[in-house]
Amino acid sequence: MKPLSSEYSPKLRPARRLRWRLGPLLGLLLFAACSPFKLLQPGQRLLSRVELKGVDQADKERLAALAQQQPNTQFPLPKLAIYQLGYKFYDSAAIKAKLRTIQARFDARIQEVGTDSAKLGKLLVQRERKVNRKQLALDKGNAIMRLGEAPVIYDTLLTRRSVEQMTTFLHSQGFFRATVTATDTGRYQRGLLLRALKAVGGVFPSKPDSLDQAKNYRRVTVTYNITENRPFLYRLQAPSIADSGVAAVVRAGQGATLLKENARYNEELIGKERNRLETLVKNAGYFDFREQYITLEADTSYAPFTVRLRTLIANPAPGQGHRIYTLRQVRFITDAGILRTLRASTSDTLLRAGTGAARRERPEAGFRTDTVVTDSIHFAAFEQKYSTRLLARKVLVRPGQRYSLTRTLQTQRLLADLDMFRFNTVNYRKVDDPPMTDSTGLRPDSGELVAVINAAPAPKYTGTSEFGGTYVANTPGPFINLRLKTRNPFGGAEVLELGVRAGFEGQLVRVAGTTDDQESVYTTQLGATAALVLPQFLVPFRTNQFLTRFNPKTRFSLSETFVKRPEYTRSNFEFTYDYIWQRSPFHQYVFSPVVITFVNTPFISTEFAERLETLRVEQGSSLFRSFVSLVEPSISFTSLYNSNDFSQTRNAQYLRLFGELGGLTRGLYKDALLDNLGLNVYDFARFSVDYRRYHHLSPRTFFVWRLNGGYVHALTRTIDPRDGSSQYVIPYDKSFFAGGSTSLRAWAPRRLGPGGYTPLRLKDGNVVRDFLTEQPGELLLEGSVEYRFPVYNFVKGAFFTDFGNVWGLQERKKDGEYLRPGAQFQLDSFYNQIAVSSGMGVRFDFTFLILRLDAAVKVYDPAAIDGQNWALRNFNTIDNRIAFNLGIGYPF
């Protein structure tokens, strides 16, 4: 098959249609007054646009990425305009003069200090720092210029390279007869504003510009015209494998092949198939097998638009086949770091081997490793600190097994998940073949390996301390957080974590009308946590090797939170018993058979209690239940799938499913607890789903969206001792809320909704909207979309829109009317009650920490007074203030 050569043909032609972008008037005037052509040298042209045409079956996004030049970024920030602004203040001659002055000043100071090495070192460091700063400004411009982008000067050579790379890519995707051509088009038609300015300028005579005609063609659009033609398809042939043992392995795994008959030719897929075959053969015991032995031979001369593909696997050498290796012994060294330290300190490897000669030479340092055999694994250590039975369950390689690459990697992952070792490695040493007695000298068909697992222990104790401040409800407050992690406290590779927290934090008033209309108060928060994680399921029967692959864990956790506010004092104690296991590195399950929560409110002010009662009677609010003494026994299950990383820089998905059932057996003890201890018990079912999608648009820009929903309902009715009514009652903490920095960001936390209901309160004798009282709901529907982009270095920006609300499902009625009109979920009207907010944010990405500041305003407010739902009409009023949200990490 004769390949067709790619063509490149530049030409000039007028634009066929008017293209102009709407923007702020100031930006248009800036562009009109400051032409980017002033930054160009004679003969240079500015790359304005890159287009791809004719792409039907190939990956258009990847083809576009192969273009060697891309125009300056215009969205979300006009980088070229920013560069132009900085260029107005750029003076290279002044920077060079300043650089010479710095050099001369430091040279004089260096002469003065003479041979004083300390002062000389400081001066050299200072000089290097100042010189580097000026050199950076000289090479890349001032800070404003570096925030923008230099003009992209059109280069025909780079266009030719782009054509070549696109052609190569298309050939690798099976389009062997594809062609790529490129044309660059100079656009000379002026925009509407420029023509208007030119008309005005024509009234006042001026000296003609000799470069006018040249400027007409200095903005270039490059169009890549792609003709894919018919792609070539596979015709798979029987593999040719010299070694019969390897051939049997390949035939057994043929069902998992990535290459399908009549599929389009794809070189990337062929490379992945080679990797799959290598792993397949290595898992069958072929320790020495390498990818270099595998060849996938393609022949296009068989039939039109057809590729005959045959898999060839060669032997290591003529007359020599591949060898299968089995494990003779598995050794596990649990203090490899100590082993190296002792050898280095004595410089005597014989001593570490424990030979008699070495002990006689240095009897005072006669350390010997202790070897314990558990489940056929030899555990060698100077001190056996870990349970060998537990470690043996984490090791998937055993004597007598064939070598397996997959089992080796799984063993390393399971040991790393224990959090007991700084690192662990699994190495293999070949056992020498026995002496040959056969005169032919043939090697045996199989070999033997010794697996050596080296694990360096992590520090037994790890402590962290955090000192900082919060800024909530326009009120600053300090806090301190101390955590201690203890590894292997009981010898079974357990992890014990203890933590305490104390701080003063500003909070919005919990209920309006209790603090003379002050919108924020100081709260004292004290907390303590304790968690013990066991690296196995704590069950009354032995778990088999199958469960080990899922990295099972058992976790016991205790937490106590104490909050003191002017209107009440409240404590919350929780105990959980969890089973945790991993289906894959991205998918985790948590089953909690025991979750017990105690809520107690030892103090509540009279005014606050009266306000809670008023809300209960007049609005049917369930807020009062947050301040009664109650116990919440429940069981729960969580499925969490997350393929993203901490910095959220992948094309990934996130799905969290949660279900909880509480108070299933409350009929056995609810009356006794209420009569004797004053504890309320409720039964309920609660479900929630949270789905997030991260789209990687370019190396540094992302489009992400989220859908979040929840449902909670009581299982049986409860008699209200206040009025004797029978109601469906759920604990207040199990309700759903909307608003806040991770929800609809234009509303204060927990203040949105429910539905279209407008909560009201009295202020100075007037009825005003209540923005202070929390608004719980039993149904949650919300979502967000966000566009994330780079701004400068570690500074990133975002545009976002949030939407959603909460609704009630069993709203209370009085005289046949709902106490909270519009709060009840109705299928025929709920879509009119979905709130919308939009805004922009700045994120400071320090890799290990992400600080976030978002500013949002309401777009559509379903609970607005007098039907003014489109809140943008009331921008910057009391009903639609700009809401600022400060947080750590991304909102989702």
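Residues numbered from 1 in each chain as written. Predicted model: local features only at pLDDT ≥ 70, side-chain atom pairs only at ≥ 80, totals over all residues. Heavy atoms only, no water.

Student: Provide a residue-level description of a positive patch on the surface, including the pertinent values.
Tutor: A cluster of basic side chains, namely Lys98, Arg105, Arg109, Arg129, Lys130 and Arg133, defines a positive patch on the protein surface. Of all the elements in the fold, those that place two or more residues in the positive patch are helix 4 (92-113) and helix 5 (117-140). As for its placement among the helices and strands, Lys130 is situated in helix 5. A relative accessible area of 31% means that Lys130 is categorised as partly exposed. (Patch = residues over 30% accessible without salt bridge, like charges linked within 9 Å, V, L, I, M, F, W, Y side chains within 5 Å. Areas by Shrake-Rupley, 256 points an atom, 1.4 Å probe, with all protein chains shown as cover. Salt bridge = Lys/Arg side-chain N within 4 Å of Asp/Glu carboxyl O. Lys, Arg positive; Asp, Glu negative; His and termini not counted. Charge placed at Lys NZ, Arg CZ, Asp CG, Glu CD. Helix = DSSP H or I, 4+ residues; strand = E, 2+ residues; numbered from the N terminus. Buried < 20%, exposed > 50% of the residue type's maximum accessible area, 1.4 Å probe, protein only.)

Student: Please provide a residue-by-residue account of the confidence of the model for the protein, values included.
Tutor: Residues at a pLDDT of 70 or more form 85% of the protein, whose mean pLDDT is 83. pLDDT under 50 marks residues 341-367. Its contacts with residues more than four places away, or in other chains, come to 24 contacts. (pLDDT = per-residue confidence, 0-100. Contact = heavy atoms within 4.5 Å.)

Student: Tell me about the environment of Gly469, residues and numbers included.
Tutor: Relative to the elements of secondary structure, Gly469 occurs in strand 14 (residues 461-472). Under the relative-accessibility criterion, Gly469 is labelled exposed at 54%. Expressed as a C-alpha distance, the spacing of Gly469 and Phe504, which sit 35 residues apart in the sequence, is 8.7 Å.

Student: Go over a nonpolar patch on the surface, please, and point to the residues and values.
Tutor: Together, Phe794, Val842, Phe844, Phe846, Phe848, Leu851 and Ile888 make up an exposed nonpolar region whose accessible area comes to about 640 Å². Counting through the fold element by element, Val842 comes out in strand 33 (residues 835-845). Judged by relative accessible area, which is 33%, Val842 ranks as partly exposed.

Student: Give me the lowdown on empty space enclosed by the protein, citing residues and values where you can.
Tutor: Scanning the entire structure with this criterion turns up four cavities of 30 Å³ or more. Of the voids in this model, the largest cavity is the one considered here, and its volume is about 70 Å³. Lining the largest cavity are 14 residues, and of these Arg751, Leu752, Gly753, Pro759 and Arg769 sit closest to its centre. Across the lining of the largest cavity, the residue classes tally to seven nonpolar, three polar and four charged. (1 Å grid on protein atoms, 1.4 Å probe; cavity = no way out; pocket = protein on both sides within 12 Å on 5 of 7 lines; lining within 4 Å. Points joined across faces, edges and corners; volume = space filled by probe spheres on them. Nonpolar A, V, L, I, M, F, W, Y, C, P; charged D, E, K, R; others polar.)

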